[in-house]
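Structural description and commentary
If you want the building blocks of each chain, they are given just below.
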Amino acid sequence: VIVAVIDSGIDIDHEDLDGVIWTNKDDAPNNGKDDDNNGYIDDISGWDFVNDDNDPGDNNRHGTVVAGVAAATGNNGVGIAGMDWKCKIMVLKVLDDRIDGLFSDEIEAIFYAVDNGIHIRNMSFGGLDRLDSFQEAVDYAESKGVLFVAATGNEGEEIAQFPAAYSSVMAVGASHPDDTRVTVATTQGNFGSNYGDHVDVLAPGSGIFSSRIVRSNAYGFFGGTSFSSP
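Anyway, here's the lowdown on the structure attached to this text. (Residues numbered from 1 in each chain as written. Predicted model: local features only at pLDDT ≥ 70, side-chain atom pairs only at ≥ 80, totals over all residues. Heavy atoms only, no water.)

**Some words on the sheet that holds strand β3 (residues 88–93)**
Spatially, β2-β3-β1-β4-β5-β6-β7 is the arrangement adopted by the seven strands of the open sheet, whose pairing is parallel. The sheet terminates laterally at β2 (46–48) and β7 (201–204), the two strands that pair on one side only. Put simply, the sheet's adjacent strands are angled 25° from each other on average, direction ignored. Sheet strands in contact with helix α1 (residues 62–71) are β1 (2–7), β3 and β4 (120–123), and its direction is about 155° off that of β1. Sheet strands in contact with helix α2 (residues 103–115) are β1, β2, β3, β4 and β5 (147–151), and its direction is about 150° off that of β3. (Pairing = 2+ DSSP bridges. Helix = DSSP H or I, 4+ residues; strand = E, 2+ residues; numbered from the N terminus. Axes fitted to C-alpha atoms, helices over the stretch in contact; angles between N-to-C directions. Contact = heavy atoms within 4.5 Å.)

So this is what it looks like as structure tokens:
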């Protein structure tokens, strides 16, 4: 299973992630050529849509945390175990070091991911704008049998954020260990999980231990629907 993590990038050298990164076998590495004619040169692990290059490294930490929850290697004697130890992560960077991004980059990343064979894509961010162009990208993924999973947001209100609120997207809110919706988080600041009729499922989202990038092979505790989604 190939999972596209559309986020701030990933520390692909992290000890718990280096073995789960997707490899584009149709493009020869580091030869400066677009061997697979997909419009991206040397896109071996994915693409950085922020800087328009083939180095989707994480300058924030958010994407690395998300990837760890989804796919950190299990039974390797270090760190954590992700939800699926055998999937591969396609790294698609659309958020900068401040977690800001452009809709155009996010939409391009969705088309890239689908056209390069993903099965699942995770977007642990969103906003209030409902765009026709974004809806078209979501519909395209659905037409190709791709499962789109997205976080509902952390305002603790009955509001719909997109892409989570698109009908074909699995919208994931955050729960406490007792299976109640997070209203006040226990880790990483105070927040509540958004709610409403568009929410499909809750998953653990408070006190989540995962990979991070403050130093080499680091780990830490986090909270938010961003980490419920993966």
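The rest of the description comes next.
**What to know about unusual backbone geometry**
Of the consecutive residues F162 and P163, the connecting peptide bond is found in the cis state with omega at 20°. With respect to the helices and strands, P163 occurs in the loop between β5 and β6 (170–175). Its identity is not glycine, yet N75 carries a phi of approximately 55°, on the positive side. With respect to the secondary-structure elements, N75 resides in the loop between α1 and β3. You can call N75 exposed: its relative accessible area is 74%. (Buried < 20%, exposed > 50% of the residue type's maximum accessible area, 1.4 Å probe, protein only.)

**Overview of α2**
In this model, α2 (13 residues) spans 18 Å end to end at C-alpha, consistent with the 18 Å of a helix rising 1.5 Å per residue. By the burial criterion, the buried members of α2 are D105, E106, I107, A109, I110, Y112, A113 and V114. Just downstream of α2, G117 is the residue with a positive phi angle, here 90°. (Expected span 1.5 Å × (residues − 1).)

**Overview of the nonpolar core**
In this structure, I6, F49, M90, L92 and I110 are the most contacted members of the largest nonpolar core, which totals 33 residues. Among the secondary structure elements, those contributing two or more residues to this core are β1, β3, α2, α3 (132–143) and β5. The biggest single contributor to this core is α2, with six residues. Ranked by size, the runner-up nonpolar core spans 18 residues in total, among them I10, L17, V66 and A67. (Core = buried A, V, L, I, M, F, W, Y, C linked by side-chain atoms within 4.5 Å.)

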